[in-house]
Amino acid sequence: MKQYSFLLAAGLTLLVATETSAQNRPNEVVPIRVRPRIAVDDWYPKQGKVGTEITIVGKGFSPNTRVLVGGAPARVTQSRPDTLKFRMPRRYRDGSIALRDPRSRRDVAVGTFTVIQPTQIQRFAPQSGIPGTRVEIIGSGFRQGDQVFIGSTPLRVQRMTPRRIVAIIPPNARTDFLIVANSSGEQSRSARQFTVLAPNPVILAVEPASGFPGTVVRISGQNFGPRARVFYGKHRQLRPAGRGPGWIDVRIPPDARVSRWIFVESRSGRARSPQKFALTQPPVISRIAPTYGGVGQRVDVYGRNFLPGDRVKIAGVWAEILQLRPNRITVRIPAGARSGPIAVRRGKLKAISPEAFTVLYAPVIHNFSPAEGEPGTKVTISGDYFTPDARVNYGSFNLRVLQRQGNHTLVVRVPRQVTSQQPFTVRTRAGQTVSAKRFRAFVYPTIADMQPRQGYPGTQVTLFGSLLNRVDAVLLDNVPLTVISRKPKRLVAKIPPGAQDGWITLKFYGKTRRSEHRFQVLRGPEITGFYPQSARPGMEITVDGQRFNPATEIYLGRMPLPVVRRSGRQLVVRLPEDARPGQWYLFARRGPGESRSPRKFRVLPAAYISDFSPGRIAAGDTFVIRGGHFDGNTRIYWGNEEFKIISSAGNGRRLEVRAPRHVSGRRYLWVYDGGARHRSPAKLEIRQIRVRDHRKNRRGDDDDDDDDG
């Protein structure tokens, strides 16, 4: 260690001596200068325009220290060890400032300079508008807090971004330049003026709203300029009789004939009155149509100068006005009206029709007889107001009146071509009336075709013909069929169970008529009985019947049963293991043919094992089995070994069972009740008794042997 220290000292002495010899200074030692690292204490300003001089204060600066703005070098205007100055270049990019020393590999970050762009208005739209117009100003250098003026009047700013301002023209604005001013006092003025237009005129009221020609009316509103013009209608200009702030007086033309809108027009637009000026003229009736009618008849009164509020009388009785127009009034003839002229009244003014209106009363049908019969039957219709021009219709048939008795009786004949029941209609020029009931014409339905012509009971038969909707009942000989649907040309009926071959018969109007169409009833399989009456899943059922063949299937409700053996009169089927307990009908099916058993078959619940205890026993021991539906037919197996049941308890839910002495091992328990076998959920383990234990318990084992025997 001392040797290394000696060598280091010798080396330093030699280095100093060499430097001294080179400078011809044999007695002076020169120290090594170490330049301090660059450090930034502060810089200012933090924001400004392009060209702003920025000062950086710190230490370690040298003439070689470079200033980077946005990653690009900037020209240094002043460099001192503790101060650097430079101007923000035009291409400042993101404005980040950093210092770079050629001797160092890392740049020193100074900060980010915020460049403030000068405020400038490039354009605005629209170029003109009324107060309240939204103006969009496009430019650059806009900042939050800038104010917008039109001349010296400030605008309310709705939205502002660096390049877009949306402002509202104030109510007191005048045409002038748009100005944007910022907080530093800088302003930018638009190249052209915004033209403030006067607001559109508005008519609020016209008083009076009606009157005679020559009436002076006052128009009240807003934005009426000194040169505003007034029109009666769209083109008839009126001379103002006076004007003031918010009103103009004009005179309705003396030769006016119809009601018109009143318009006020200025340079900024045109306004229309809320409603037409109702020009008052005495009503004039030119004609009425029709000139006769009954109570409730609509009558049009034609003329001119009709106004709302006018009333109409017919021979002194007020009539209901349905519609009123300046040249037509539609009224309804009131009850109790008499024949006479029609008058239109308005206060003391009155207009009378040039012709009278004849009030007619519509005919009334009280009854007719007979009420039914075959086509061609004479019918007497009784009623009132059967005038000589009365005509009679039966549905769409025009009937000739055979006899008249005053204004109360008409005799007609029912046409022979009728095919339906229709009421009678009596028409006069006063109106028409329809009888309350229909004449029951005996028109008989017919069958043209039938499909199908044979089938099993339950088959739907379609009858084709005419007037089938009038059929009261359909029979197969004397057996009634269920009618599914009926229409005039088609009727659908269903063949009932037990039906025999026979003729299709129709019943209508209390009469029965046999058709020429015969239906053949096909016979399907039939169940006459079965045994046993009840069984458990897995057991066999013997079904007796008729017409069984290889295609016959047996169902328990909707569940098909597998056939074990079959013959023409007997089928042996097996009850599936998944059959649900309950009572169900047995069905024999072959194609569409089906028959049901005369009574229900009872499915008994199958015995099952839920658990047993203990799970491990010795040969010859007893144990308990729990489950359900245990009865006298229940048998317990352990594999192929049958165990003896000692007792049963719990209403068929618990068995006490003894295991034989000669078995051992671990197997499932099985329960069998004559049907399917069901397995225990777990295995039972049986172990053999050792010889020593056997001798010790010899007496008990002898008892077991007796029980097993």
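How each quantity is defined
- Residues numbered from 1 in each chain as written.
- Predicted model: local features only at pLDDT ≥ 70, side-chain atom pairs only at ≥ 80, totals over all residues.
- Heavy atoms only, no water.
- Helix = DSSP H or I, 4+ residues; strand = E, 2+ residues; numbered from the N terminus.
- Rg over C-alpha atoms; globule rule 2.2 N^0.38 Å.
- Buried < 20%, exposed > 50% of the residue type's maximum accessible area, 1.4 Å probe, protein only.
- Core = buried A, V, L, I, M, F, W, Y, C linked by side-chain atoms within 4.5 Å.
- Patch = residues over 30% accessible without salt bridge, like charges linked within 9 Å, V, L, I, M, F, W, Y side chains within 5 Å.
- Areas by Shrake-Rupley, 256 points an atom, 1.4 Å probe, with all protein chains shown as cover.
- Salt bridge = Lys/Arg side-chain N within 4 Å of Asp/Glu carboxyl O.
- Lys, Arg positive; Asp, Glu negative; His and termini not counted.
- Charge placed at Lys NZ, Arg CZ, Asp CG, Glu CD.
- Polar contact = N/O pair within 3.5 Å; in protein donor to acceptor, adjacent residues only side chain to side chain.
- Contact = heavy atoms within 4.5 Å.
- Pairing = 2+ DSSP bridges.
- Axes fitted to C-alpha atoms, helices over the stretch in contact; angles between N-to-C directions.
- 1 Å grid on protein atoms, 1.4 Å probe; cavity = no way out; pocket = protein on both sides within 12 Å on 5 of 7 lines; lining within 4 Å.
- Points joined across faces, edges and corners; volume = space filled by probe spheres on them.
- Nonpolar A, V, L, I, M, F, W, Y, C, P; charged D, E, K, R; others polar.
- Phe/Tyr/Trp six-rings, centres within 6.5 Å; stacked < 30°, edge-to-face > 60°.
- pLDDT = per-residue confidence, 0-100.

Draft legend 1. Focus on the overall build of the protein chain. When helices and strands are counted, the protein chain shows 3 helices and 74 strands. Against the compact-globule benchmark of 27 Å for 709 residues, the protein chain has a radius of gyration of 59 Å, which places it well outside the compact range. C-alpha extents for the protein chain along the principal axes are approximately 150 × 140 × 45 Å. Every one of the 709 residues in the protein chain was classed for burial, and the buried ones make up 38%.

Draft legend 2. Molecular detail of the nonpolar core. Leu 463, Val 474, Leu 476, Ile 495, Ile 504, Leu 506 and Phe 519 are the most contacted members of the largest nonpolar core, which has 20 residues in total. Within the residue set of this core, elements represented by two or more residues are β49 (446–451), β51 (460–466), β52 (473–476), β55 (490–494), β56 (502–508) and β57 (511–521). Top contributing element to this core by residue count: β56, with 3 residues.

Draft legend 3. A positive patch on the surface, seen in detail. Together, Lys 234, Arg 260, Arg 272 and Lys 276 line one region of the surface with positive charge. Positionally, Lys 276 belongs in the loop between β28 (269–272) and β29 (278–279).

Draft legend 4. How the structure looks around the side chain of Thr 133. When you line up the elements, Thr 133 lands in the loop between β12 (128–129) and β13 (134–140). Of note is the side chain of Thr 133, whose polar atom sits 2.5 Å from the backbone oxygen of Ile 130. Excluding its chain neighbours within four sequence positions, the residues that come into contact with Thr 133 are Pro 126, Ala 167, Ile 168 and Ile 169.

Draft legend 5. A look at the pattern of salt bridges. For the structure on display, the rule yields 20 salt bridges. Between Arg 346 and Asp 310 there is a salt bridge; the shortest N-O distance is 2.7 Å. Of the two residues, Arg 346 is situated in strand β37 (residues 340–346) and Asp 310 in the loop between β32 (298–304) and β33 (311–314); the sequence distance between them amounts to 36 residues. Just as Arg 346 is buried, Asp 310 falls in that class too. For Glu 372, the salt bridge goes to Arg 440, with nearest N and O atoms at 3.7 Å. Taken together, the residues span a long stretch of sequence, with Glu 372 in strand β40 (residues 372–373) and Arg 440 in strand β48 (residues 440–441) at a distance of 68 residues. A relative accessible area of 34% places Arg 440 in the partly exposed class. Taken together, the shared-partner salt bridges connect Arg 229, Glu 265 and Arg 270 into one network.

Draft legend 6. Region of the structure containing the sheet that holds strand β64 (residues 570–574). One open sheet holds the 4 strands; their spatial order is β58-β60-β64-β63, and the pairing between them is antiparallel. Edge strands, defined here as strands with exactly one partner in the open sheet, are β58 (526–531) and β63 (563–566). Ignoring which end each strand starts from, the neighbouring axes of this sheet average 25° apart. Strand direction decides the pairing type here: β63 and β64, joined by 3 bridges, are antiparallel. Bridging across to β64, Arg 565 finds its partner in Val 572.

Draft legend 7. View of the layout of surface pockets. Taken as a whole, the largest pocket encloses approximately 400 Å³ of empty space. Ranked by residues supplied to the lining of the largest pocket, first place goes to strand β66 (residues 593–603) with 4 residues. Residue composition of the lining of the largest pocket, by class: 7 nonpolar, 6 polar and 6 charged. By volume, the second largest pocket is sized at about 340 Å³. Together, 13 residues line the second largest pocket, and Ala 198, Gly 225, Ser 266, Arg 267 and Ser 268 are the ones closest to its centre. Here the lining of the second largest pocket is composed, by residue class, of 6 nonpolar, 4 polar and 3 charged.

Draft legend 8. View of the packing of aromatic side chains. Throughout the structure, instances matching the rule amount to 10 aromatic pairs. Measuring from centroid to centroid gives 5.8 Å for Tyr 361 and Tyr 385, while their planes differ by 25°, and the two rings are stacked. Linking Tyr 361 in the loop between β38 (349–359) and β39 (364–369) with Tyr 385 in the loop between β41 (378–384) and β42 (391–394), this pair joins segments that are 24 residues apart in sequence. A residue is classified by how much of its surface remains accessible, and Tyr 361, at 38% relative accessible area, is partly exposed. Taking relative accessible area as the criterion, Tyr 385 reaches 41% and is therefore assigned partly exposed. Centroid distance Tyr 394 to Phe 439: 6.2 Å. Interplanar angle 80°. Geometry classified as edge-to-face.

Draft legend 9. Up close: the sheet that holds β55. Strands sit in the order β49-β51-β55-β54 across an open sheet of 4 strands; the sheet is antiparallel. For this open sheet the edge positions go to β49 and β54 (482–487), each flanked by a neighbour on one side alone. Within this sheet the neighbouring strands show an average axis-to-axis angle of 20°, counted without direction. Inspection of the sheet shows β54 paired to β55 by 5 bridges, in the antiparallel sense. Paired with Val 483 across the two strands is Ala 493, which belongs to β55.

Draft legend 10. Broad picture of the confidence of the model for the protein chain. Chain-level statistics for the protein chain give a pLDDT mean of 84 and a share of 92% at 70 or above. The secondary structure element of the protein chain with the lowest average pLDDT is helix α3 (residues 698–708), at 40, and the one with the highest is strand β36 (residues 328–332), at 94. Across residues 1–27 the pLDDT falls below 50, and counting only partners more than four positions away or on other chains, this stretch makes 7 contacts in the model. Low pLDDT (under 50) marks residues 696–709, which in the prediction has 11 contacts with non-local residues, meaning those over four places away or in another chain.

Draft legend 11. Focus on the environment of Gly 628. With respect to the element layout, Gly 628 can be found in strand β69 (residues 622–628). Along the sequence, Gly 628 and Gly 650 sit 22 residues apart, while their C-alpha atoms lie 9.2 Å from each other. Among all residues touching Gly 628, those that are not within four sequence positions of it are Ala 606, Ala 607, Tyr 608, Gly 652 and Arg 653.

Draft legend 12. How the structure looks around unusual backbone geometry. Cis peptide bonds are those with omega within 30 degrees of zero, and the linkage from Ala 125 to Pro 126 qualifies with 0°. Tracing the sequence through the fold places Pro 126 in the loop between β11 (120–125) and β12. Phi is positive for Asn 223, close to 60°, though the residue is something other than glycine. Mapped onto the elements, Asn 223 comes out in the loop between β22 (216–222) and β23 (229–232). Of note, the phi angle at Asp 477 is positive, near 60°, even though the residue is not glycine. Within the element layout of this structure, Asp 477 appears in the loop between β52 and β53 (479–480).

Draft legend 13. Fine view of the environment of Arg 260. Tracing the chain through its elements places Arg 260 in the loop between β26 (247–251) and β27 (262–266). Separated by 28 residues in the primary sequence, Arg 260 and Tyr 232 have C-alpha atoms spaced 6.2 Å apart. Contact partners of Arg 260, with chain neighbours within four places excluded, come to Tyr 232, Gly 233, Lys 276 and Phe 277.

Draft legend 14. Structural detail: the pairing of strand β72 (residues 654–658). Judged from the 5 bridges that link them, β69 and β72 form a sheet pairing that is antiparallel. Bridge assignment links Val 624 to a residue of β72, and that residue is Glu 656. Both strand β71 (residues 641–649) and β72 contribute to a ladder of 5 bridges, which runs antiparallel. The residue of β72 that forms the bridge with Ile 645 is Val 657.

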